[in-house]
Amino acid sequence: MKCIPYLFVFISLLFCLTAAQERYCKFNIGTNLAGPVDYGSEWPLVDIMKYCREWITHNSAWVEEGENPWDTGYINEIPADSNGYPLQLPCTIAGAETTQAVRGIWANTSALKAGNYTVLYDGEGVLDFWGDVSVISESPGRIVVNVNPQQGGNIMTLSILQSTFGNHIRNIRFLMPGTEESYQENKWCQEWLDKLEPFKTLRFMDWFITNNSPLKKWEDRVQLDDYTYTINGMPYELAIEISNIRMSDAWICVPHLADSEYIRKMAELFRDNLNPNLKIYVEYSNEIWNWMFDQTHYCYENGPAELEWPERIVPFIQNCMDIWTDVFEGQLDRIVRVVGVQHAWQDVSNRIVFNMRSGSFDAFS
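Q: Hey, could you run me through the packing of aromatic side chains in this one?
A: In this description, a pair of aromatic rings is defined by centroid distance and the angle of the planes. Under the definition given, this model contains 24 aromatic pairs. Judged by centre distance (5.3 Å) and plane angle (10°), the ring pair of tryptophan 251 and tyrosine 281 falls under stacked. With tryptophan 251 in strand E11 (residues 249-254) and tyrosine 281 in strand E12 (residues 280-284), the pair connects residues that are 30 residues apart, well separated along the chain. A centroid spacing of 5.7 Å and a plane angle of 55° characterise the contact between tryptophan 309 and tryptophan 345, whose relative ring orientation is tilted. Note that tryptophan 309 is positioned in the loop between helix H5 (294-302) and helix H6 (314-327) and tryptophan 345 in the loop between strand E13 (335-339) and helix H7 (346-353), a separation of 36 residues in sequence. The class of tryptophan 309 is buried, set by a relative accessible area of 17%. Here a set of aromatic residues connected by ring pairs shows up, and it is made of Trp188, Trp192, Phe204, Trp207, Phe208, Trp218, Tyr236, Tyr262 and Phe270. Seen from the ring of tryptophan 70, arginine 103 lies directly overhead, with NZ or CZ sitting 4.2 Å from the centre. Of note, arginine 312 hangs over the ring of tyrosine 300, and the distance from its end group to the ring centre comes to 4.5 Å.

Q: It is not clear to me how the sheet that holds strand E2 (residues 56-59) should be interpreted in this structure. Could you clarify?
A: Across a sheet, paired strands are connected by hydrogen bonds in the backbone, their directions being either parallel or antiparallel. Strand order in the open sheet formed by 4 strands is E2-E3-E8-E5, with antiparallel pairing between adjacent strands. Here the strands that pair on one side only, and so sit at the sheet edges, are E2 and strand E5 (125-131). The sheet shows a mean angle of 30° between the axes of neighbouring strands, taken without regard to direction. Here 5 bridges tie strand E3 (residues 100-106) to strand E8 (residues 156-163), and the two strands are oriented antiparallel to one another. Looking at E8, one finds that valine 102 is bridged to isoleucine 160.

Q: In this structure, what is going on with the sheet that holds E13? I would like to understand it.
A: Read across the open sheet, the 6 strands follow the order E1-E10-E11-E12-E13-E14; overall the sheet is parallel. Among the strands making up the open sheet, the edge pair consists of strand E1 (27-32) and strand E14 (363-364). Judged from the 3 bridges that link them, strand E10 (residues 199-203) and E11 form a sheet pairing that is parallel. Bridging across to E11, leucine 202 finds its partner in alanine 250.

Q: What is the right way to read the side chain of histidine 58 from this model?
A: Along the chain, histidine 58 falls in strand E2. Those residues in contact with histidine 58, other than ones at most four positions away along the chain, are Pro69, Trp70, Thr72, Thr99, Gln100, Ala101, Val102, Arg103, Ser159 and Leu161.

Q: What's the story with the nonpolar core in this structure? I'm lost.
A: Grouped burial of nonpolar side chains is what soluble globular proteins tend to show. Ile172, Phe174, Trp207 and Trp324 are the most contacted members of the largest nonpolar core, which has 95 residues in total. When sequence neighbours within four positions are dropped, the list of residues in contact with isoleucine 172 reads Asp47, Met49, Trp55, Tyr85, Val119, Leu120, Tyr121, Leu127, Leu158 and Ile160. Core analysis: the second largest hydrophobic core is formed by 5 residues, Trp251, Cys253, Val336 and Val338 among them.

Q: Whenever I open this one, unusual backbone geometry confuses me. Can you help?
A: In this structure, the amide linkage connecting leucine 89 to the following residue, proline 90, adopts the cis form with an omega of -5°. Proline 310 follows tryptophan 309 through a cis peptide bond whose omega is 15°. Summarising the element assignment, proline 310 is placed in the loop between H5 and H6. Positive phi, normally seen in glycine, also occurs at asparagine 154, with a value near 60°. Along the chain, asparagine 154 falls in the loop between strand E7 (142-147) and E8. At serine 285, a residue that is not glycine, the phi angle is positive and equals roughly 55°. You can see serine 285 is positioned in the loop between E12 and H5. Residue classification places serine 285 among the buried positions, given a relative accessible area of 0%.

About the cut-offs
- Residues numbered from 1 in each chain as written.
- Predicted model: local features only at pLDDT ≥ 70, side-chain atom pairs only at ≥ 80, totals over all residues.
- Heavy atoms only, no water.
- Phe/Tyr/Trp six-rings, centres within 6.5 Å; stacked < 30°, edge-to-face > 60°.
- Helix = DSSP H or I, 4+ residues; strand = E, 2+ residues; numbered from the N terminus.
- Buried < 20%, exposed > 50% of the residue type's maximum accessible area, 1.4 Å probe, protein only.
- Lys NZ or Arg CZ within 6 Å of the ring centre and 35° of its normal.
- Pairing = 2+ DSSP bridges.
- Axes fitted to C-alpha atoms, helices over the stretch in contact; angles between N-to-C directions.
- Contact = heavy atoms within 4.5 Å.
- Core = buried A, V, L, I, M, F, W, Y, C linked by side-chain atoms within 4.5 Å.

Read these as geometric descriptors, not functional statements.
Written out as structure tokens, the structure reads:
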């Protein structure tokens, strides 16, 4: 009888190893992924440019008698291309003390690997670095810098001081040590992949910066070539790619402001590109009962006036689920339509779930 527990463990292990032939042996649980921020410590991509803070402006020349603020606040007045790169720098702006340049920031260098990073870029101009970073070598389109978090500042910046109109600096890549030759074939940080290994499902709520998202139209969505992903989240294409690589089910959240065309195209993108053997958990926004988020106020202020709260939330969830149901007609086994509630707030949860149309959702969370 004493052998039975060991036999059980052996049989379980054997089952897991056998199943791994078709799929990695993972816990039957998922994990949230951190959103893209410059001050974080989760680096899915070897190109850390995608995690720099949104550009801020600064005086391109030192003002001896005036002020030289960290952020002069003119970024919205600098013309940029569709991926966010300024078309010409320095830029003359009415009312500014002097011409303006831009800088991006990483505010947690202690979470980065120390070593030599390669910065690649297209176009003509001048880049400048400050903080826990120093230039090792420089040639047109390629700069090698040493990132040394031990310098103590826990911050580094990259500035575009000059950018030539007609051939402006663009497509900046800030590559982790040892990845210059491989980043195009393998964009993923291996340490990050290793930490995800036990999990069966990945939830992309923070990845997409779902809370308070401003995205409305399909053309507003994040593009792969955007200079950073810290403004509106990671591209959907990367969520699909990492799910396919890992054979992980994907939990995705639809922006609360997304119009019906956006919701449909988003559903079509995942339908056509995610491995059909993987499940898609689809949720409308996140915590739409939580008054700290814009999405809750939006549903309350724009829902049918004849309905009370939280019933006003229901039409928005229902519309989202109906569109996904239509897009996945004949393939409903691929999706799990999730209604987000709060388990500790039973009244609100009941009034949301019980007002959904029967058969239009599969689960609540």
